[in-house]
Amino acid sequence: INPGNSGGPLVNLQGEVVGINTAISSSSGGFLGIGFAVPVNVAKWVSSQLLKDGSVHRAYLGVGIQGLDQTLADQLGLSTSQGALITDVQKDSPAAQAGVQPQDVIVEFAGKPVHSPRSLQAIVGRSELGSKQPMVVLRDGKRVTLHVTVKEQPKGYGEVAAHDEDDGQAR
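These numbers come from a predicted model, not from an experiment.

Chemist: I'd love a proper account of the nonpolar core, names of residues and values included.
Modeler: The tendency in soluble globular proteins is for nonpolar side chains to be buried as a group. Counting 20 residues, the largest nonpolar core has Leu61, Val100, Ile106, Phe109, Leu120 and Met135 as its most contacted members. Looking at this core, the elements with two or more residues in it are β6 (84-89), α3 (94-98), β7 (105-109), α4 (117-125), β9 (132-139) and β10 (142-149). Excluding anything up to four places from it in sequence, Leu61 contacts Ser93, Pro94, Ala95, Ile106, Phe109, Leu120, Val124, Met135 and Val148. Core analysis: the second largest hydrophobic core is formed by nine residues, Leu85, Val105, Val107 and Val136 among them.

If you want it as structure tokens, here you go:
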């Protein structure tokens, strides 16, 4: 990837577009370094949203999540370290309405396996707003199927307010 190629296609050896170049990190400022790209399936989803509505609408569950390692899985009595561990369920969120509880581990959403918090975010974020999706969680060592109606992520969701160092007030 050359500097200045941001927004251009990233192609594989078969000439297929697999991503959109976004940045290059180079210690020398030249052509050697690590390239970053948005996967083409994400770019297609975003562009279809923009063409349809002029903005991007993402679904959300309203939970705090963290990854699992084998040590944590063992502590929770789980046979797998795959999934997304629920650390918090926000009041009145889609997850709360579906009965999700802290320490549940989401292992499947909308029929797709959840390998990590990142994969859960990707699957949920692109879910059709207002749709009811099956979600499999591990709870007390048992598989439990819940049904969650996904809603649009509120504006500013997950943003942290900046504070003025002088008076501590949010800006």
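Structure shown, so let's carry the discussion forward.
Chemist: Residue-level account of the sheet that holds strand β2 (residues 17-25), with values.
Modeler: If you walk across this open sheet you meet the three strands as β1-β2-β3, and the pairing is antiparallel. Among the strands making up the open sheet, the edge pair consists of β1 (9-11) and β3 (34-39). Neighbour-to-neighbour, the strand axes of this sheet turn through a mean angle of 55°, independent of strand direction. In this sheet, β3 lies alongside β2 in antiparallel orientation, the contact comprising six bridges. Along β3, the bridge assignment pairs Asn21 with Ala37. Its contacts with the sheet place helix α1 (residues 40-53) against β2 and β3, and it is angled at close to 45° to β3.

Chemist: I'd like to hear about α1, residue by residue, with values.
Modeler: In this model, α1 (14 residues) spans 20 Å end to end at C-alpha, consistent with the 20 Å of a helix rising 1.5 Å per residue. In the segment just after α1, Gly54 is the residue with positive phi, at about 80°.

Chemist: With reference to specific residues and values, describe the environment of Ile24.
Modeler: Checked against the element boundaries, Ile24 lands in strand β2. Ile24 gets classed as partly exposed once you look at its relative accessible area, which sits at 26%. For the pair Ile24 and Ala37, spaced 13 residues apart in sequence, the C-alpha separation works out to 9.0 Å.

Chemist: Could you give an account of the pattern of salt bridges, with specific residues and numbers?
Modeler: Evaluation of the coordinates by the stated rule reveals two salt bridges. We note a salt bridge from Arg139 to Asp104, for which the minimum N-O separation is 2.7 Å. Separated by 35 residues along the polypeptide, Arg139 in strand β9 and Asp104 in the loop between α3 and β7 bring together distant segments of the chain. In this pair, the class of Arg139 matches that of Asp104, namely buried.

Chemist: So, the pairing of β7: which residues are in play, and what are the values?
Modeler: Burial of β7 is extensive: four of the five residues sit out of reach of the surface. By the bridge criterion, two bridges tie β6 to β7 in an arrangement that is antiparallel. If you follow Ala84 over to β7, its bridge partner there is Ile106. In this structure, β7 lies alongside strand β8 (residues 112-113), joined through two bridges in antiparallel fashion. Of the residues in β8, the one forming a bridge with Glu108 is Pro113. Where β7 folds back onto β8 in an antiparallel hairpin, the turn is made up of two residues, including Ala110, whose phi is positive at roughly 55°.

Chemist: Before we move on, can you summarise the side chain of Gln133 with the specific residues and values?
Modeler: Mapping Gln133 onto the fold places it in strand β9. According to the relative accessible area criterion, Gln133 is buried, its value standing at 15%. Engagement of the side chain of Gln133 in a polar contact is seen with the side chain of Ser131, the distance being 2.9 Å. Apart from residues no more than four positions distant in its own chain, Gln133 is found in contact with Phe109, Ala110, Leu146, His147 and Val148.

Parameters at a glance
- Residues numbered from 1 in each chain as written.
- Predicted model: local features only at pLDDT ≥ 70, side-chain atom pairs only at ≥ 80, totals over all residues.
- Heavy atoms only, no water.
- Core = buried A, V, L, I, M, F, W, Y, C linked by side-chain atoms within 4.5 Å.
- Buried < 20%, exposed > 50% of the residue type's maximum accessible area, 1.4 Å probe, protein only.
- Helix = DSSP H or I, 4+ residues; strand = E, 2+ residues; numbered from the N terminus.
- Contact = heavy atoms within 4.5 Å.
- Pairing = 2+ DSSP bridges.
- Axes fitted to C-alpha atoms, helices over the stretch in contact; angles between N-to-C directions.
- Expected span 1.5 Å × (residues − 1).
- Salt bridge = Lys/Arg side-chain N within 4 Å of Asp/Glu carboxyl O.
- Polar contact = N/O pair within 3.5 Å; in protein donor to acceptor, adjacent residues only side chain to side chain.

Coordinates in, geometry out; function isn't part of it.
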